[in-house]
Amino acid sequence: MNFTDELIEQRYNKDKLVLLPINPNSSFVYWEITDKTLEKFGIDPKDVQLSFKLFDATNHEIIEFSSSFAISNYYINHESDHKSLYVKLFLNVGAKSQYISSSNIIGTQQNTPESTRDDLIYTSTLLGGK
């Protein structure tokens, strides 16, 4: 195994669930569930059924979505009145849902700052320019 293979093995092929903010009304989630984890629950890696639930800081469920991919991503549209958000991942095993993981918690922007308003025009002058 060479150095590059070792780096790849350290960063990938690990269970992962990450939530990233995009703007006050949307977020991005990506995940990787390893074959080892799926097999632990008796799931064929070629026949995966996952469900995701987005929660706010008070553990109120905001939205639910599903996927049949062990490695993928998803854009989530939601209201902008939540102070923080996180996602929980469940593996559907028969008629039951088995909790697998929770994402990181992200803070959300409540109000758009004056400096990022769409109606403002930004200009710059290069050094030496007029």
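Residues numbered from 1 in each chain as written. Predicted model: local features only at pLDDT ≥ 70, side-chain atom pairs only at ≥ 80, totals over all residues. Heavy atoms only, no water.

Enquirer: Looking at this model, I keep getting lost on the side chain of Ser-27. Mind explaining?
Expert: Its place among the elements puts Ser-27 in strand S2 (residues 26-32). Judged by relative accessible area, Ser-27 falls into the buried class, the value being 1%. Polar contacts involving the side chain of Ser-27 include one to the side chain of His-78, which spans 2.8 Å. If near-sequence neighbours (up to four positions away) are discounted, Ser-27 is found in contact with Leu-19, Leu-20, Pro-21, Ile-22, Tyr-74, Tyr-75, Ile-76, His-78, Leu-85 and Ile-106. (Helix = DSSP H or I, 4+ residues; strand = E, 2+ residues; numbered from the N terminus. Buried < 20%, exposed > 50% of the residue type's maximum accessible area, 1.4 Å probe, protein only. Polar contact = N/O pair within 3.5 Å; in protein donor to acceptor, adjacent residues only side chain to side chain. Contact = heavy atoms within 4.5 Å.)

Enquirer: How should a negative patch on the surface be read in this particular structure?
Expert: A cluster of acidic side chains, namely Asp-35, Glu-39, Asp-44 and Asp-47, defines a negative patch on the protein surface. Here Asp-35 lies in helix H2 (residues 35-40). (Patch = residues over 30% accessible without salt bridge, like charges linked within 9 Å, V, L, I, M, F, W, Y side chains within 5 Å. Areas by Shrake-Rupley, 256 points an atom, 1.4 Å probe, with all protein chains shown as cover. Salt bridge = Lys/Arg side-chain N within 4 Å of Asp/Glu carboxyl O. Lys, Arg positive; Asp, Glu negative; His and termini not counted. Charge placed at Lys NZ, Arg CZ, Asp CG, Glu CD.)

Enquirer: So what exactly am I meant to see when it comes to the pattern of salt bridges here?
Expert: Where side chains of opposite charge bring their charged atoms close, a pairing between them can arise. What the rule picks out here adds up to 1 salt bridge. Its salt-bridge partner being Lys-53, residue Glu-61 comes within 3.9 Å of it at the nearest N-O pair. Assessed through its relative accessible area of 21%, Lys-53 is described here as partly exposed.

Enquirer: Explanation requested: the nonpolar core in the structure shown.
Expert: The tendency in soluble globular proteins is for nonpolar side chains to be buried as a group. One finds Leu-19, Val-29, Trp-31, Leu-50, Phe-52 and Val-87 to be the most contacted residues of the largest nonpolar core, which totals 19 residues. Residue assignment for this core shows that the elements contributing at least two residues are strand S1 (16-23), S2, strand S3 (50-56) and strand S6 (84-93). With 4 residues, the top contributor of residues to this core is S6. In contact with Phe-52, not counting residues within four places along its chain, are Leu-17, Trp-31, Ile-63, Glu-64, Phe-65, Ser-67, Val-87, Lys-88 and Leu-89. (Core = buried A, V, L, I, M, F, W, Y, C linked by side-chain atoms within 4.5 Å.)

Enquirer: Which parts of the structure should I look at to understand the sheet that holds strand S5 (residues 71-77)?
Expert: What links the strands of a sheet is backbone hydrogen bonding, and the strands pair in either a parallel or an antiparallel sense. One open sheet holds the 3 strands; their spatial order is S1-S2-S5, and the pairing between them is antiparallel. Unpaired on one side and paired on the other, S1 and S5 mark the two borders of the sheet. The mean angle between the axes of side-by-side strands here comes to 15 degrees, regardless of whether they run parallel or antiparallel. By the bridge criterion, 7 bridges tie S1 to S2 in an arrangement that is antiparallel. From the neighbouring strand, Leu-20 faces S2, where its bridge partner is Phe-28. (Pairing = 2+ DSSP bridges. Axes fitted to C-alpha atoms, helices over the stretch in contact; angles between N-to-C directions.)

Enquirer: What's the story with the packing of aromatic side chains in this structure? I'm lost.
Expert: The geometry of two aromatic rings is summed up by the distance between their centres and the angle between their planes. As enumerated under the stated definition, the model contains 8 aromatic pairs in all. Measuring from ring centre to ring centre gives 4.3 Å for Trp-31 and Phe-52, while their planes differ by 45 degrees; the resulting arrangement is tilted. In this pair, Trp-31 sits in strand S2 while Phe-52 sits in strand S3, placing the two residues 21 residues apart along the sequence. Owing to a relative accessible area of 0%, Phe-52 belongs among the buried residues under this scheme. An angle of 45 degrees between the planes, with centres 6.4 Å apart, marks the rings of Trp-31 and Phe-65 as tilted. Taken as a pair, Trp-31 in strand S2 and Phe-65 in strand S4 (residues 61-67) lie far apart in primary sequence, 34 residues in all. (Phe/Tyr/Trp six-rings, centres within 6.5 Å; stacked < 30°, edge-to-face > 60°.)

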